[in-house]
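Inside the fold
Letter by letter, the chains look like this.
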Amino acid sequence: MSIQVQDLNHLGIVAGIIDEMGLVEVIDRQIAPHPQPTVSTGVALKAMILNGLGFISAPLYLFEQFFVGKATEHLLGAGITAKHLNDDRLGRALDAVWEAGLSGLFMTIAMQAYERFGVSAQSVHLDSSSFSVTGAYPATDADADGLVPLKITYGYSKDHRPDLKQFLVDVICSNDGEVPLFLRVGDGNESDSAVFGQLIAEFQQQWTLDSVYVADAALYTEANLKTLGDLQWVTRVPLTLKAARQLVDELAVEAFVPSTLEGYTCLERTSDYGGVAQRWVVVCSEPRRQSDLKQLEKQLNKQAKKAEKQLRQLQQQTFACAADAQQAAQRLAQKWPLHQLSAVTVEPQAHYDQVGRPARGQAPSHYSFQLQAEVVPCPEAIALAQRRAGRFILATNVLAANHFTASQVLSTYKDQQAPERGFRFLKDPLFFTSSVFLNTPSRVAALAFVMGLALMVYTLAQRQLRQALAAQDETIPNQLGKPTAKPTLRWVFMCFQAVHWLQVEQLPQISNLTDIRVKILGFFGAPCQKYYLLC
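Now for a look at the structure at hand. Quick caveat, the model's predicted, so the values are computed rather than measured. (Residues numbered from 1 in each chain as written. Predicted model: local features only at pLDDT ≥ 70, side-chain atom pairs only at ≥ 80, totals over all residues. Heavy atoms only, no water.)

Quick notes on the packing of helix 1 (residues 11-21) against helix 16 (residues 441-471)
Filter applied, for reference: A fitted line through C-alpha atoms represents every axis, and for helices the fit uses only the stretch in contact; the resulting angles, taken between N-to-C directions, go from 0 to 180 degrees. Strands here are runs of E lasting at least two residues and helices are runs of H or I lasting at least four, both read from the DSSP assignment and numbered beginning at the N terminus. Roughly parallel refers to an angle under 35 degrees, roughly antiparallel to one over 145, roughly perpendicular to one between 65 and 115, and oblique to any angle outside these ranges. Between two residues, a contact is recorded if the distance between any of their heavy atoms is within 4.5 Å. Asp, Glu, Lys and Arg are counted as charged, while Ala, Val, Leu, Ile, Met, Phe, Trp, Tyr, Cys and Pro are counted as nonpolar; the rest, among them Gly, fall into the polar class.
Remark: helix 1 packs on helix 16, axes separated minimally by 10 Å, with the N-to-C direction vectors making an angle of 95°. As judged from the angle between their axes, helix 1 and helix 16 are roughly perpendicular. For the pair formed by helix 1 and helix 16, the contact residues are Val14, Ile17, Ile18, Glu20 and Met21 on the first element and Met456, Val457, Leu460, Ala461 and Gln464 on the second. Across the contact of helix 1 with helix 16, the residue classes break down as eight nonpolar, one polar and one charged.

Spelled out as structure tokens, the structure:
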């Protein structure tokens, strides 16, 4: 009896979502076919996404090895085997998508997925993150087609790795399912505040969504607000602005009113910053306030030790006059945000020309002066820090408070965690972006494009599962065996370990398809079910 056994696991779910998106067809329409037609560019990218969502820490330089033992033909098409998915094919696919234009191609795919999956976008959320790389990556000129290469260089590292070169990724996500709708790869030294306004304007030209655009404080500049024009937006006001800082510092606790969101209070003011009429919603988060107060206590202890050390060093110095000592004390105290000097005195020290004990009545030749003081907390500064704890300001140009209340402004901004969660997903050690190793900037940028597609597939699949569970009032067991209606897709993937595709006497079968696995697949629909021979 002839039996062939290959791993399928959760990859059938991934492949089914890719098929439902129509991803392969879109890419192959946009990119001319390669002379060797066994694996089209679209199929190669589908394979890369399967690799990236394999969650076995198999980086792309082990691309071909990843598919050894997998049900490759079943997932990718007849005649396609692991040997066709070598690093050469991978490199050519990355070159092809780079030449096609990453952001435009990504939006074309996203638009089709948006329609097919019925994604909504009451708000869309823009954010960026840095991705660190190793290697030289010297600067290069534009290629023969005029494409300007990605500049991989040093910049502000959100990974806290200033020692490494980096590139940036900008993502716009929907609030519905956190699905990425836009991706752009930027230079490593690029400033968010310099590009955020233009990115939103360009995005709106393609999508024409009636959405509220949300971003962090990098969006809040005069130039960006003018660029946005009539588009509706919510952003955070940086407390580096004098007016914002004064407002946060001056407001009494009694001025705040409870929000409909538990743990928050807020109040409103108007502003015309940048010549744009807007509402400022001053928010106080009680959980964050408690956290800030704990941090304040730690800062007080830490800064007190540092200040006392600096004072001891100053007290060992001698000065030519009392005024110099007093001025030195003032300069030192100005460095301390939460402490001050108390009991400041200047002690004169007499000096004589001759060595030994001076004679009775001998006048000193000169005097030096030393400082004596104590470090104590500054009550005014501490009270100000305590009042400031937990407070921040949100701004919106939606002026009708009855249509967009302060609580709704806050709730909309809190959804800004969507792109942040996406970046955490992309940087997970189990994902293939933990170390970017490609040797040309264009391929690094194209790999970031594939990363974004993998995130799109993941979020669409998780959204589809959760919506189906909610619609049918159903649950599945979580990691602890307890019912949940909001499982993570990663946990679902884990549930499908040891599912195999078998061919027994030329007849395909699926092994280890338990009742719970069949139940889960029922929430995904036919495109995923077909890989498990359920339809």
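The discussion continues.
Observations concerning the side chain of Ser129
Keep this limit in mind: Only protein chains enter the accessibility calculation, which uses a 1.4 Å probe; a residue whose area is less than 20% of its type maximum is buried, one above 50% is exposed, and one in between is partly exposed.
With respect to the helices and strands, Ser129 occurs in strand 2 (residues 123-133). Its relative accessible area of 6% is what places Ser129 among the buried residues. Discounting residues that sit within four places of it in the chain, Ser129 has contacts with Lys158, Phe167, Leu168, Val169, Phe423 and Lys427.

Notes on helix 8 (residues 192-207)
The α-helix advances 3.6 residues per turn, and as a result positions three or four apart in sequence lie on the same side. Heads up, the rule is: Multiplying 1.5 Å by the residue count of a helix minus one yields the expected span of that helix.
Here helix 8 spans 21 Å end to end across 16 residues, near enough to the 22 Å set by a 1.5 Å rise per residue. Among the residues of helix 8, those classed as buried are Asp192, Val195, Phe196, Gly197, Leu199, Ile200, Ala201, Phe203, Gln204 and Trp207. Tucked into the core, helix 8 has its buried residues touching helix 7 (102-116), strand 2, strand 3 (165-174), strand 4 (180-186), strand 5 (212-215) and helix 9 (222-228). Phi turns positive one or two residues past the end of helix 8, at Thr208, with a value near 45°.

Concerning the state of the cysteines
Our working rule: The definition used for a disulfide is geometric: two cysteine sulfur atoms within 2.5 Å.
Going through the model one piece at a time under the given rule, you end up with zero disulfides. Cys528 takes part in no disulfide bond, and the closest cysteine sulfur, belonging to Cys535, lies 9.5 Å away.

Notes on the sheet that holds strand 12 (residues 391-396)
Operational definition: Strand pairing is defined by DSSP finding a minimum of two bridges between the two strands.
Reading across from one edge, 4-3-2-5-6-12-9-8-7 is the order of the nine strands in this open sheet, with mixed pairing throughout. The open sheet has two edge strands, strand 4 and strand 7 (257-258), and neither has a second partner. Here strand 2 runs beside strand 5; their pairing, made up of three bridges, is parallel. Opposite His125, over in strand 5, you have Val214 as the bridge partner. Lying over the sheet, helix 8 contacts strand 2, strand 3, strand 4 and strand 5, oriented at roughly 130° with respect to strand 2. Sheet strands touched by helix 16: strand 2, strand 3 and strand 4. Its angle to strand 4, the strand with the most contacts, is close to 160°.

So, the pattern of salt bridges
This is how the line gets drawn: Here, a salt bridge means any Lys or Arg side-chain nitrogen found within 4 Å of an Asp or Glu carboxyl oxygen.
One pass over the full model with this rule turns up 15 salt bridges. The partner of Asp176 in a salt bridge is Arg463, and the shortest N-O contact between them spans 3.0 Å. Within this pair, whereas Asp176 is found in the loop between strand 3 and strand 4, its partner Arg463 is found in helix 16, the two being separated by 287 residues in sequence. Like Arg463, Asp176 is buried. A salt bridge links Glu474 to Lys519; the nearest nitrogen and oxygen atoms lie 3.3 Å apart. Of this pair, Glu474 sits in the loop between helix 16 and strand 13 (476-477) while Lys519 sits in helix 18 (residues 515-522), and the two are 45 residues apart along the sequence. Here the salt bridges do not stand alone but share partners, grouping Asp19, Lys46 and Lys530 into one network.

As for the packing of aromatic side chains
We describe a pair of aromatic rings using the distance from one ring centre to the other and the angle between the two ring planes. Our working definition: Pairing of aromatic rings covers Phe, Tyr and Trp, the last counted by its six-membered ring, and requires centre-to-centre distances within 6.5 Å; plane angles under 30 degrees mean stacked, over 60 mean edge-to-face, and any other angle means tilted.
This structure, assessed with the given rule, holds 12 aromatic pairs. Their ring planes at 80° and their centres at 6.1 Å tell us that Phe203 and Tyr213 sit as a pair that is edge-to-face. Of this pair, Phe203 sits in helix 8 while Tyr213 sits in strand 5; the two residues are 10 residues apart in sequence, bridging distant segments of the chain. On the basis of relative accessible area, Phe203 is assigned to the buried category, the value being 0%. Ring geometry for Tyr220 versus Tyr273: centroids 4.8 Å apart, planes at 15°, classification stacked. You can see Tyr220 sitting in the loop between strand 5 and helix 9 and its partner Tyr273 sitting in the loop between strand 8 (264-271) and strand 9 (278-285), a full 53 residues away along the chain.

Function cannot be inferred from these measures alone, as they are strictly geometric.
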